[in-house]
Amino acid sequence: MLTELVKFRRNTILAIRGLWLHKLRAFLSVLGIIIGIASVIALLAFGKGSMQEALDAIKRQGATNIIARSQKPPDDSATGSRSFVATYGLTFRDYEKFENISVLNRLVPMRVFPREIRRLERMHNGRVVATTPEYMEVNRLEMASGRFLVQQDGILMRNVVVLGSVSADRLFPFDNPLDQTIVLAGQDFQVIGVLKDRMPTGGSGGSQAAEDFNSDVYMPLPTSRRRVGDTIFIRTSGSRGAEKVEISQVTMTVDADVDSREGRQKVKAVGDLVKQILEEGHLKRDFAITIPLDRLEQAEETEQNFKNLLVLIASISLLVGGIGIMNIMLATVTERTREIGIRRALGAKRKDIVLQFLVEAVVQTTIGGILGIGAGIAIAYGVPFASSVFGYRPIPSAPQWDSMIYSFFVSSGIGVLFGLYPAWRAARLDPIEALRHD
Amino acid sequence: MAAIVRIQNLVKNYYMGDVTVNVLKRIDLEIETGDFVALMGPSGSGKSTLMNILGCLDRPTSGQYFLNDRDISKLGDDRLSDVRSRYLGFIFQSYNLLPQYTVVENIELPLLYQGINLNAQTKQRCIGLAQMVGLGERLDHRPLQLSGGQQQRVAIARSLVNDPNVILGDEPTGNLDSKTSVEIMEMLTGLNKIGKTIIMVTHENDIAEWARRVIRLRDGHIESDVRNRD
């Protein structure tokens with residue numbers, strides 16, 4: 001065994017030296033592998049980079065969330081109800097049932113309705129969000145001054161509101177809104193806090209649509225029920241209507257790790273449970289359930305498909321590269337027939353010849369693989385850098401170390417696979433014929 | 001003295017399609033340890049075939065070949081390689097050095113296939129052999145930088161590195177001028193004097209003169225077997 005290792009080491013050294021003697025030729029013969037590996041590594045980095053952005057966005061939204069929303073049924077008349085008030089959506093009874101789901105970290109109910117807010121002669125058509133203190137956490141709101149809602153506000157049904165930055169600016173352009181009074185639905189409310197300005201974004205933990213949090217007004221949910229009621233009147237020119245919605249939306253956060261299989265199954269199980277609860281309690285289809293995890297998994301599936309496609313392309317290009325190597329190796333065997341004869345006469349066994357040519361092929365493809373990995377890294381880092389230097393949006397790129405390790409072994413494997421036949425041809429030569437060969 | 005090479009009833013046939021060519025026809029031959037034998041004969045006489053069989057590069061169709069009292073006519077390919085690397089040294093007409101290797105590396109090549117770990121000690125031995133054949137100054141030269149005579153001396157050093165029982169020369173002076181040929185033959189004679197058995201094929205009578213025994217083949221038979229006077 002030791003002697004085999006000695007031979008192997010010596011063969012490797014000699015192979016590297018032999019390649020060094022024919023640098024250009026060796027380089028050209030592994031060019032296919034270099035290009036194949038480099039392009040796979042670069043494309044994987046770009047693919048992963050852009051996919052990472054999408055995945056992160058979804059994860060920021062709360063991949064362990066389950067969002068139940070009230071939805072106006074498609075055709076209300078079909079229910080036979082001719083009432084003037086359209087009653088639909090999630091109810092407090094649903095909410096109580098949700099509260100019994102033990103694996104939830106958090107439940108945030110919201111009731112959203114448009115309302116006119118006044119202060120002295122100023123008026124603001126804002127969106128009232130009646131919710132619980134956890135809302136701030138879920139939506140990562142930050143206070144500019146004062147405080148957000150607390151549990152006690154709800155329990156005591158205090159008439160307090162927190163203003164978004166735009167609503168605060170509209171109602172109090174010149175003075176500090178804290179502790180001042182606004183009028184909403186005919187009631188006086190005390191301003192207890194103002195939020196920082198926030199970019200309108202895809203609502204995190206909320207619906208998927210972009211939400212402008214800045215012109216919102218927040219109040220405790222029990223206060224809203226008490227002071228405003230569940231029925232909202234909407235007046236438009238020529239017609240008027242009313243909607244009775246107890247809760248617009250409940251955002252539930254499951255206590256689970258979204259990166260583990262068990263965690264995902266837990267989230268899905270809770271999603272199914274929520275669906276079951278709602279389907280049992282509702283005659284009409286007046287609710288919708290959004291599970292961001294589904295989108296995450298879709299995105300991941302897309303990424304996986306992309307990867308598979310790349311692997312396919314890579315296999316084709318490496319196959320071409322490997323055939324190139326085989327071609328060169330076969331030419332080399334013919335060219336070195338005499339050398340093979342000499343070695344055989346001096347005592348080389350067939351397997352020594354196989355080993356020699358196989359090592360040469362593997363050394364060649366492995367070096368090609370390393371060069372390809374290097375070129376791939378250079379592209380993966382260089383292109384985003386160059387694009388930012390020239391003032392374009394940097395292409396997101398996330399070089400994958402595991403892909404490089406795979407590439408390394410795959411390139412060595414190609415050497416074995418495509419070197420085997422030429423090596424076998426070399427070993428099969430008759431020593432006498434080989435010695436006579438010019 | 002004991003016979004290092006003993007051949008009995010050796011037959012070698014080549015098959016070319018349906019035609020059988022009978023190259024060696026029942027040859028019997030014994031070569032004693034320490035002898036210096038020249039094999040001669042016109043082309044087609046079977047001397048190259050006999051040489052290939054003696055060199056364990058080819059196997060007889062039938063008959064026995066004992067090298068060192070060991071029957072090797074039925075050995076497999078790997079075992080024959082072993083025999084070549086341990087007991088035989090080769091010198092060829094066209095030197096057959098590996099062009100990409102230095103003098104020292106060419107000399108140590110047979111050791112590699114014996115499975116000997118190449119280290120400073122083996123390297124020293126190779127350098128010693130190179131010095132012995134007068135190439136101590138050219139250890140790192142490559143074959144193409146050497147003259148024909150020098151290349152053949154490297155080949156002689158290479159044939160000695162595994163301390164073989166028999167050195168086989170296939171027209172060792174065939175590509176050399178007469179002056180260099182004399183040098184090479186003196187070297188071989190010297191090796192023979194220190195106990196190496198040498199078997200060489202040659203066309204030339206004045207080269208065969210150097211040997212102690214001249215065997216002539218014709219049409220697959222031994223035509224004559226003459227001892228030169230010392």
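Structure first, text after, so check above.
Conventions adopted
- Residues numbered from 1 in each chain as written.
- Chains lettered and ligands numbered in written order.
- Predicted model: local features only at pLDDT ≥ 70, side-chain atom pairs only at ≥ 80, totals over all residues.
- Heavy atoms only, no water.
- Salt bridge = Lys/Arg side-chain N within 4 Å of Asp/Glu carboxyl O.
- Helix = DSSP H or I, 4+ residues; strand = E, 2+ residues; numbered from the N terminus.
- Buried < 20%, exposed > 50% of the residue type's maximum accessible area, 1.4 Å probe, protein only.
- Contact = heavy atoms within 4.5 Å.
- Axes fitted to C-alpha atoms, helices over the stretch in contact; angles between N-to-C directions.
- Parallel < 35°, antiparallel > 145°, perpendicular 65-115°, else oblique.
- Left-handed = near helix turned anticlockwise from the far one by under 90°.
- Nonpolar A, V, L, I, M, F, W, Y, C, P; charged D, E, K, R; others polar.
- Pairing = 2+ DSSP bridges.
- Patch = residues over 30% accessible without salt bridge, like charges linked within 9 Å, V, L, I, M, F, W, Y side chains within 5 Å.
- Areas by Shrake-Rupley, 256 points an atom, 1.4 Å probe, with all protein chains shown as cover.
- Buried area = accessible area lost by both parts, 1.4 Å probe.
- Polar contact = N/O pair within 3.5 Å; in protein donor to acceptor, adjacent residues only side chain to side chain.

1. Focus: the pattern of salt bridges
Part 1: Summed over all chains, the structure comprises 30 salt bridges over all chains.
Part 2: Here Asp 77 of chain B and Arg 350 of chain A are joined by a salt bridge, their closest N and O atoms 3.9 Å apart. With Asp 77 of chain B in helix α2 (residues 77–87) and Arg 350 of chain A in helix α12 (residues 350–389), the pair connects residues from two separate chains.
Part 3: Relative accessible area serves as the criterion here: at 34%, Arg 350 of chain A is assigned to the partly exposed category.
Part 4: A single network of salt bridges, built from pairs that share partners, joins Arg 264, Lys 268, Glu 297 and Glu 300 of chain A.

2. Description of the side chain of Asn 11 of chain A
Part 1: Topologically, Asn 11 of chain A is positioned in helix α1 (residues 2–21).
Part 2: The contacts of Asn 11 of chain A, once residues within four sequence positions are left out, are Leu 355, Gln 356 and Val 359 of chain A.

3. Focus on the packing of helix α10 (residues 292–335) of chain A against α12 of chain A
Residue and element names in this part refer to chain A.
Part 1: With their axes 11 Å apart at the nearest point, α10 and α12 run at an angle of 140° to one another. If you check the angle between α10 and α12, you find them oblique. The handedness of the crossing between α10 and α12 is right-handed. Across from Ile 325, Met 329, Thr 332 and Val 333 in α10, the residues of α12 making contact are Phe 357, Glu 360, Ala 361, Gln 364 and Thr 365.
Part 2: Of the residues contributing to the contact of α10 with α12, the split by class is five nonpolar, three polar and one charged.

4. Regarding unusual backbone geometry
Residues and elements named next belong to chain B.
Part 1: Even without being a glycine, Asn 9 presents a positive backbone phi close to 55°.
Part 2: Structurally, Asn 9 can be placed in strand β1 (residues 3–16).
Part 3: Although it is not a glycine, Cys 56 adopts a positive phi angle of roughly 60°.
Part 4: Tracing the sequence through the fold places Cys 56 in the loop between α1 (47–54) and β4 (62–67).

5. What about the sheet that holds β1 of chain B?
Residues and elements named next belong to chain B.
Part 1: Strand order in the open sheet formed by four strands is β2-β1-β4-β5, with antiparallel pairing between adjacent strands. Whereas interior strands pair on both sides, the edge strands pair on one side only; in this sheet they are β2 (19–32) and β5 (70–71).
Part 2: Where β1 lies against β4, five bridges are found, and the strand directions are antiparallel. By the bridge assignment, Ile 7 is partnered in β4 with Tyr 65.
Part 3: Of the strands in this sheet, β1, β2 and β4 touch α1, which is tilted by about 120° from β1.

6. Structural notes on a nonpolar patch on the surface
Residues and elements named next belong to chain A.
Part 1: On the surface, a nonpolar cluster with roughly 550 Å² of combined accessible area is contributed by Ile 16, Leu 24, Phe 27, Leu 28, Ile 367 and Leu 371.
Part 2: Of all elements in the fold, only α2 (23–29) and α12 reach the threshold of two or more residues within the nonpolar patch.
Part 3: If you tally residues by element for the nonpolar patch, the top one is α2, at three residues.
Part 4: Structurally, the position occupied by Ile 16 is in helix α1.

7. Overview of the sheet that holds strand β10 (residues 221–227) of chain B
All names here are of chain B.
Part 1: Within the open sheet, the six strands sit side by side as β6-β7-β8-β3-β9-β10. Their pairing is mixed. Edge strands, defined here as strands with exactly one partner in the open sheet, are β6 (88–92) and β10. Each strand axis lies, on average, 15° off the axis of its neighbour in the sheet, ignoring direction.
Part 2: Here β6 pairs with strand β7 (residues 166–170) via five bridges, running parallel. By the bridge assignment, Phe 90 is partnered in β7 with Leu 168.

8. As for the interface of chain B and chain A
Part 1: In this complex, chain B contributes 29 residues to the contact, which on the side of chain A involves 25 residues.
Part 2: Both faces combined, the contact of chain B with chain A buries some 2,500 Å², and carbon together with sulfur accounts for 55% of it.
Part 3: Looking only at chain B, the three residues that lose the most surface to chain A are Leu 57, Leu 112 and Tyr 113 of chain B, adding up to 25% of its buried area.
Part 4: Across the chain B-chain A interface, the total number found is five salt bridges.
Part 5: Inspection of the region where chain B meets chain A yields 13 residue pairs in polar contact (both at pLDDT 80 or more).
Part 6: Counting only elements with at least two residues in the side of chain B that touches chain A, the list comes to α2, β6 and α3 (103–114) of chain B.
Part 7: Residues belonging to the side of chain B that touches chain A are distributed by class as follows: 12 nonpolar, eight polar and nine charged.

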